[in-house]
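Secondary and tertiary structure notes
One letter stands for each residue in the lines below.
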Amino acid sequence: MSILEVKNLSFSYTGQTVLKNINFKITEGNYIALLGPNGSGKTTLIKILLGLLQSQKGKIILFGSALKKFNAWQNIGYLEQKANTPHNMPLTAFGVVRLGLLSTKKGLKLFNKEDNKKTDAIMKKLHCYSYKDKLFSELSGGQQQRVLLARTLINEPKFLILDEPSTALDSSSREEFFEIISALNEENKTTILLVTHDISQVGKYVNKFLILDKQIVFYGSKEDFCNSAEVTEYFGPYTQHLIDHLHTTGTCPLPHNHGHNCGHNHGGEML
Amino acid sequence: MSFAEFISYGFVQRALISGVLVSLITALLGVFLVLKRLSLLGDSLSHIALSGVAVGLLLNVTPVFCALPIVMLSSLGVFKLSKNNKIYADSALGIVSSAGIALGLIVAALAGGFNTDLMGFLFGNILTVSTSETILSIVVFLIVIACLYFFYNALIATVFDENFAKTAGVDVDKINILLVLLSAVVVVLAVKTVGIMLVSALIIIPPTSALQIAKKFKSVLIYSCAFSVFATVGGLYLSFIFNLPPSALIIVLELIILCVCGLIKYGKARKTN
């Protein structure tokens, strides 16, 4: 089943090309890492996919509907790297999570007791129930991100779009975060598009890579990524280090005949 | 003068009904505007109201009814300017504000200068509220309450995080337009209560006071309403006792409440630390 199709998408801002002729397709169950250097257009692409920005050219089809006509927002969960909220917003963690149910409401967007039960359940599942009555603005960055993840997952969306979601988390919370997301992919076949810089953290979970640098450099499976001519050409002298690193972290499942294994850990942030 | 004697006058009753309703509406909408950092929307729109009032006086039409469409159209203009990201929201507000004053001054000069009527709108004259204006207050109050009830969660989501609200299926543009249009109507009504010069205080101070002490969104709305109504009724009563302008006393009472709330917050923070 096709979840997302992007056709001939281009976007420019104040005369500068940000995205050029982007074409790709995501099918059900895909877990894709969207990688690229700063300014490569990752977040712009995500915002266009969600209708938060309008592209000048191209077509986006979500769950079989053109983006302009798309209204099944309960199928989509979106999580940004940081909450961009008023600092004095008088909303509790519970209130924030419950807002995630708005997309399931037709007409009047009012909540009922069933919604409160659902909110409690997801907060317990994601271990943020203990601070449900605290103000969202008074929580730590990690706690806020956990609450926002609960808000994103409360509808059990079929397609998760995560834009550098683990930035505010410490390393153990980060690991747990990716375990939760990966379990959704494995157990519920939730499709995931994850924007990240940290290839070592997510490499073992994802099954596809999309490398973006204003245009698509590479889009394909992990196996193809580790043997790709496009990747070699794009990363040039750094390719070897990257592939070594991917082997070290278990990202590349197939042995790669690169004739070199320095055995060093070259750090997580490869892009 | 006792309070019972004070409220026995017909014009005081009209002033109280209109004043309480206007203070409730400004207190409720103000919470959303303050959190959206659109506090100065009220200020800019009140300056536009000056043009509308001046046009009304020039054409010999009830100024409030003349100001209403002009301020509503201007509020949509502010929304359009800031939405396209071509101009920052605060710059858009500043431009509209200056335009309102400049046009108001020109039309006021054409209408024969700053007469008593125009001064009444500049500094408010709640005691001269007419029956038709009181009825308008009741109608607007009911509309605002209905909108807040039906769009409560969509408004909260929009104020909390617009990107999230859009991906939750909320028509954020419609919600923002609703908010600015309601603000426009309320500003025109509030101009009669406290005047063009002080209308933004009515929108900003009670919600800001409430945000100092209340923890939950509904509590903020309740506190904001309570402070606003208390200041309006108290200011009106004190104006009779001390023979001072009611609009100024209303704002002074609101400022006192803000200071008290600030002190309570400070005390709580010290206790916690």
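Residues numbered from 1 in each chain as written. Chains lettered and ligands numbered in written order. Predicted model: local features only at pLDDT ≥ 70, side-chain atom pairs only at ≥ 80, totals over all residues.

A look at the overall build of chain A
Filter applied, for reference: A run of H or I in DSSP counts as a helix once it spans at least four residues, and a run of E counts as a strand once it spans at least two, with each numbered from the N terminus. Exposure classification rests on a simple neighbour count of other C-beta atoms within 10 Å of a residue's own: a residue reaching 20 or more is buried, one at 12 or fewer is exposed, and one in between is partly exposed. C-beta atoms are placed from the backbone. A pair of residues counts as a contact when their C-beta atoms, built from backbone coordinates, are separated by no more than 7 Å.
Assigned secondary structure in chain A consists of nine helices and ten strands. Across the 271 residues that make up chain A, the buried fraction comes to 42%. Of the contacts formed within chain A by residues at least 6 apart in sequence, a portion of 68% connects residues at least 24 apart.

What to know about the overall build of chain B
Note the threshold: Throughout, the radius of gyration refers to the C-alpha atoms, and the reference size of a globule is 2.2 Å times the residue count to the power 0.38.
Each helix and strand in chain B was counted, giving 13 helices and zero strands. Walking chain B from its N terminus toward its C terminus, one meets helices and strands in the order α-α-α-α-α-α-α-α-α-α-α-α-α. Relative to the 2.2 N^0.38 estimate, which gives 19 Å for 273 residues, the radius of gyration of chain B is 19 Å and therefore close to what a compact globule would have. By principal-axis analysis of the C-alpha atoms, chain B measures approximately 50 × 45 × 30 Å. Scored against the burial criterion, the 273 residues of chain B give a buried share of 52%. Sequence separation of at least 24 residues holds for 73% of the intrachain contacts in chain B that already meet a minimum separation of 6.

Quick word on unusual backbone geometry
Residue and element names in this part refer to chain A. The residue Asn8 is not glycine, and still its phi comes out positive at about 50°. A residue is classified by how many C-beta atoms lie within 10 Å of it, and Asn8, with 12 of them, is exposed. Within the chain, Lys214 stands out as a residue other than glycine whose phi angle is a positive 70°. Tracing the chain through its elements places Lys214 in the loop between β9 (208-213) and β10 (215-221). Here Lys214 falls in the buried class, since 20 other C-beta atoms lie within 10 Å of it.

Here we look at the interface of chain A and chain B
Quick reminder of the rule: Under the scheme applied here, ten amino acids are nonpolar (Ala, Val, Leu, Ile, Met, Phe, Trp, Tyr, Cys and Pro), four are charged (Asp, Glu, Lys and Arg), and all others, including Gly, are polar.
The interface of chain A with chain B comprises 26 residues on the first partner and 21 residues on the second. Listing elements by their share of the side of chain A that touches chain B, those giving two or more residues are β6 (76-79) and α2 (93-99) of chain A. Here the residues of the side of chain A that touches chain B are counted per class, giving 16 nonpolar, eight polar and two charged.

Some details on the sheet that holds strand β3 (residues 31-35) of chain A
Residues and elements named next belong to chain A. For the record, the criterion: Any two strands between which DSSP finds at least two bridges are classified as paired. Here an axis means a line fitted to C-alpha atoms, over the contact stretch when the element is a helix, while the angle between two N-to-C directions is reported on a 0 to 180 degree scale.
Overall, mixed pairing links the six strands, which are arranged β6-β7-β8-β3-β9-β10 in an open sheet. Each edge of the open sheet carries a strand with a single partner, namely β6 and β10. Sheet twist, expressed as the mean angle between neighbouring strand axes with direction ignored, is 15°. Relative to strand β8 (residues 191-195), β3 is paired through four bridges, and the arrangement is parallel. The residue of β8 that forms the bridge with Ile32 is Leu193. Here helix α1 (residues 42-49) sits on the sheet in contact with β3, β7 (159-163), β8 and β9, set at roughly 145° to β7.

Comments concerning the confidence of the model for chain B
Fine structural detail should not be taken from predicted coordinates in areas where pLDDT scores are low. Defined as follows: On a scale of 0 to 100, pLDDT captures the predictor's confidence in every residue.
Of all residues in chain B, 97% attain a pLDDT of 70 or more, and the chain-wide mean is 88. Across the interface, the model reports ipTM at 0.80; the global pTM reads 0.84.

A closer look at the nonpolar core
Residue and element names in this part refer to chain B. The condition that has to hold: Defined on buried residues, the nonpolar core groups Ala, Val, Leu, Ile, Met, Phe, Trp, Tyr and Cys residues joined through C-beta atoms within 7 Å.
Ala49, Val71 and Val188 are the most contacted members of the largest nonpolar core, which totals 156 residues. When near neighbours in sequence (up to four residues on either side) are disregarded, Val188 contacts Ala49, Val64, Ala67, Leu68 and Val71. Membership of the second largest hydrophobic core comes to six residues, among which are Ala15, Leu16, Ile126 and Val233.

Points about the sheet that holds strand β2 (residues 16-27) of chain A
Read from one edge of the open sheet, four strands run β2-β1-β4-β5 (chain A), paired in antiparallel fashion. Either end of the sheet is taken by a strand with one partner, and the two such strands are β2 and β5 (65-66) of chain A.

Points about the pairing of β7(A)
All names here are of chain A. Note the threshold: By convention, a crossover is right-handed whenever its connection, traced from the first strand over the helix to the second and viewed with the strands pointing away, goes clockwise.
Among the five residues in β7, five count as buried, and that is most of the element. Residue alternation in β7 divides its side chains into two sets, Phe159, Ile161 and Asp163 and Leu160 and Leu162, and both sets are buried. In this structure, β7 lies alongside β8, joined through five bridges in parallel fashion. Across the sheet, Asp163 pairs through a bridge with Val195, a residue of β8. Handedness of the crossover joining β7 and β8 through helix α5 (residues 171-188): right-handed.

With respect to the confidence of the model for chain A
Here chain A averages 83 in pLDDT, and 87% of its residues register 70 or above. Contacts for the low-pLDDT stretch residues 254-271 of chain A, under 50 throughout, to residues beyond four places or in other chains number 30 contacts.

A look at the packing of helix α3 (residues 40-59) of chain B against helix α10 (residues 172-194) of chain B
Residues and elements named next belong to chain B. Rule in force here: Note on terminology: angles under 35 degrees are roughly parallel, angles over 145 are roughly antiparallel, angles of 65 to 115 are roughly perpendicular, and the others are oblique. For any pair of crossing helices, the crossing counts as left-handed if the nearer helix is rotated counterclockwise from the farther one by less than a right angle, and right-handed if it is rotated clockwise.
Their axes nearest at 9 Å, the elements α3 and α10 cross at an angle of 60°. Taken together, α3 and α10 sit at an angle that is classed as oblique. Crossing angle aside, the handedness with which α3 passes α10 is right-handed. On the side of α3, the interface is formed by Leu41, Gly42, Leu45, Ser46 and Ala49, while α10 contributes Val180, Ser183, Ala184, Val187, Val188 and Val191.

Comments concerning the environment of Gln81(A)
All names here are of chain A. Locating Gln81 in the fold gives a position in the loop between β6 and α2. With 17 C-beta atoms counted inside 10 Å, the residue Gln81 sits in the partly exposed group. When the C-alpha atoms of Gln81 and Glu138 are compared, they prove to be 18 Å apart, with 57 residues separating the residues in sequence. Apart from the residues lying within four places of it in its own chain, the contact partners of Gln81 are Asp163, Glu164, Pro165 and Thr167.

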